Amino acid sequence: MELALPPMIEQAVIQRLRAQGKDEAEIQRIRQAIAMSTSVGGIGPLLKERVSLQARFGARVTVVAPLYDAVWEQGGDGLKPTEVVPIGNILREILEDTGLTLPMILFDGTLVDAKVWRAPQDAYGEATACFLDAPEVFSTVYVGKADAPEQTDDREAWRWAALRKQEWLLGRGTLALLRKLGTTARPDLIVVNEAAAAFAMHSLVQDQFQQDGFFSEILYLYNDHTPRDVAHPKWTAEQMLRLRVDPRYVFQIPSRAADAEGRPLDAIDVTRLLWLLSDQLFGVSLKHAEHITHMPGAGDIHGKVRAVTNGVSVETWQDARFRDPRIVGDDERLWSAKMELKERLIQFLIGPLGLDEAMQAHLRESPIVVWIRRVTSYKRLDLLADLL
């Protein structure tokens, strides 16, 4: 899965590039490419904070992410790729070498050696972050037709297989790494974020991990981030079998894809299959969870669907003191409560944002606006200007 880089690594990258004599424009270009490789959507930055907090509150957290070798630089319209920016080499100079290399056999029989790198200590708090490095597979983010060799006849078929290899290596590579680290690293829970991480489910594929007792008691939690159809990849039975998915899940599990009217299609809805195989399923809102349970072919998943609705609960987002009329009606007590909470926020942000003493002092004297969304137009960034 994607995992945004913390300030510690970002600063190390900048220092290394400056030491190499790169000018500021080139440094900015490489920084943007590295950010793109770890934060394509909104999940990467979210996970960066989530895993650190989970570890802070006592969970033993290990994150596994791909180390992409390069990123396609976007054109002026933000859509059309124009040039490949190498990023793997600079990150390999910053990350720590674990000394581990995982020999992995892909679904097509190709043998790949995946080298394991680790983020520096404290980069993600007490959480451990590992990166799988296999440039021939993780060549670029969102590998596409432009990455295919020149002699390729069917570039779309090549692109489909290349994406599946990335997903396969991430998922089965995670299992291989956990197995290599042994019982002390065996998790109680594996969190699968969307269908791209499907192959981290050990039972899905017919290989050495499927019947390995090491994984038999692990629970799987699936985070479904959107009800949109784009998050429901549809593969034919032929494609599923090509990926060595257990035939039981292809022909016996009710996960047939359907069109907008509910008519079955000649394909398997991969996301729906993962719902059925997971021990717990989370939607992003109560409405989303209800939508999941009523989708055609969802099967008997009602008992394991839950929802975490962000940003709508007063109990979650508002301190109890601001609902106390004795404080709200007293300007001095209200200001004191606000300043106390502001200081707690600043102290919390020191680690994740790398705030030095000067910035901390500046924040204490300045208004702080918290925007809990990605800074992108379709997230209604214009509302922030209206609020200010």
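Below you will find a few notes about this structure. For clarity, every value in this text was computed on a predicted model and none was experimentally measured.

### Considerations on the pairing of strand β4 (residues 96-105)
- Examined bridge by bridge, β4 and strand β5 (residues 111-118) share seven bridges and lie antiparallel to one another. Of the residues in β5, the one forming a bridge with I105 is L111.
- Between β4 and β5, which pair antiparallel in sequence order, lie five residues; one of them, G109, sits at a positive phi of approximately 90°.

### Brief notes about the sheet that holds β5
- With respect to topology, four strands assemble into an open sheet ordered β1-β6-β5-β4, the strand pairing being mixed. Lying at the two open borders of the sheet, with one neighbouring strand each, are β1 (62-66) and β4. In this sheet, neighbouring strand axes are inclined to one another by 25° on average, regardless of whether the strands run parallel or antiparallel.
- As paired strands, β1 and strand β6 (residues 128-133) are joined by five bridges and run parallel to one another. Within the sheet, the bridge partner assigned to V63 lies in β6 and is A129.
- The strands that helix α5 (residues 155-181) touches are β1, β4, β5 and β6; relative to β4, the one it contacts most, it runs at about 115°.

### Regarding the packing of aromatic side chains
- The full count for this structure, using the stated rule, is seven aromatic pairs.
- The interplanar angle of 80° and the centroid separation of 5.9 Å between the aromatic rings of Y68 and F138 together place this pair among those described as edge-to-face. In this pair, Y68 is assigned in the loop between β1 and β2 (70-74) and F138 in the loop between β6 and α5, connecting sequence segments 70 residues apart. Each member of the pair, Y68 as well as F138, is classed as buried.
- Here F209 and F215 contribute two aromatic rings whose centre-to-centre distance is 6.0 Å and whose plane-to-plane angle is 80°, an arrangement assigned as edge-to-face. Like F215, F209 is buried.
- Here R164 stacks its cationic end above the ring of W160, 5.2 Å away from the centre of that ring.

### Digging into the pattern of salt bridges
- Tallying each qualifying case throughout the model produces 21 salt bridges.
- Measuring nitrogen to oxygen at the nearest pair gives 3.2 Å for the salt bridge that ties E24 to R18.
- One salt bridge connects D97 with K115, and the closest N-O pair in it is separated by 2.9 Å. Of this pair, D97 sits in strand β4 while K115 is found in strand β5, placing the two residues 18 residues apart along the sequence.
- Residue classification places D97 among the partly exposed residues on the basis of a relative accessible area of 42%.
- On the basis of relative accessibility, which here comes to 23%, the residue K115 falls in the partly exposed class.
- When salt bridges with common partners are traced through the structure, they connect E26, R29 and E83 into a single cluster.

### Observations regarding the packing of helix α1 (residues 7-19) against helix α2 (residues 24-38)
- Close contact between α1 and α2 brings their axes to 10 Å; oriented N to C, the two are set at 145°. Every pair of crossing elements has a handedness; the one defined by α1 and α2 is right-handed. Where α1 approaches α2, its residues V13, I14, L17 and R18 are matched on the opposing element by E24, I27, I30, R31 and I34.
- Residue composition of the contact of α1 with α2, by class: six nonpolar, no polar and three charged.

### Re the nonpolar core
- Counting residues in hydrophobic clusters, the biggest one holds 89 residues, and the most contacted among them are Y124, F131, L169 and L204.
- Counting residues per element, this core draws most heavily on α5, which supplies nine residues.
- L169 has contacts with M104, L106, V112, A114, L132, A134, V137, F138 and T174, leaving out every residue within four places of it along the chain.

Cut-offs used in this document
Residues numbered from 1 in each chain as written. Predicted model: local features only at pLDDT ≥ 70, side-chain atom pairs only at ≥ 80, totals over all residues. Heavy atoms only, no water. Pairing = 2+ DSSP bridges. Helix = DSSP H or I, 4+ residues; strand = E, 2+ residues; numbered from the N terminus. Axes fitted to C-alpha atoms, helices over the stretch in contact; angles between N-to-C directions. Contact = heavy atoms within 4.5 Å. Phe/Tyr/Trp six-rings, centres within 6.5 Å; stacked < 30°, edge-to-face > 60°. Buried < 20%, exposed > 50% of the residue type's maximum accessible area, 1.4 Å probe, protein only. Lys NZ or Arg CZ within 6 Å of the ring centre and 35° of its normal. Salt bridge = Lys/Arg side-chain N within 4 Å of Asp/Glu carboxyl O. Left-handed = near helix turned anticlockwise from the far one by under 90°. Nonpolar A, V, L, I, M, F, W, Y, C, P; charged D, E, K, R; others polar. Core = buried A, V, L, I, M, F, W, Y, C linked by side-chain atoms within 4.5 Å.

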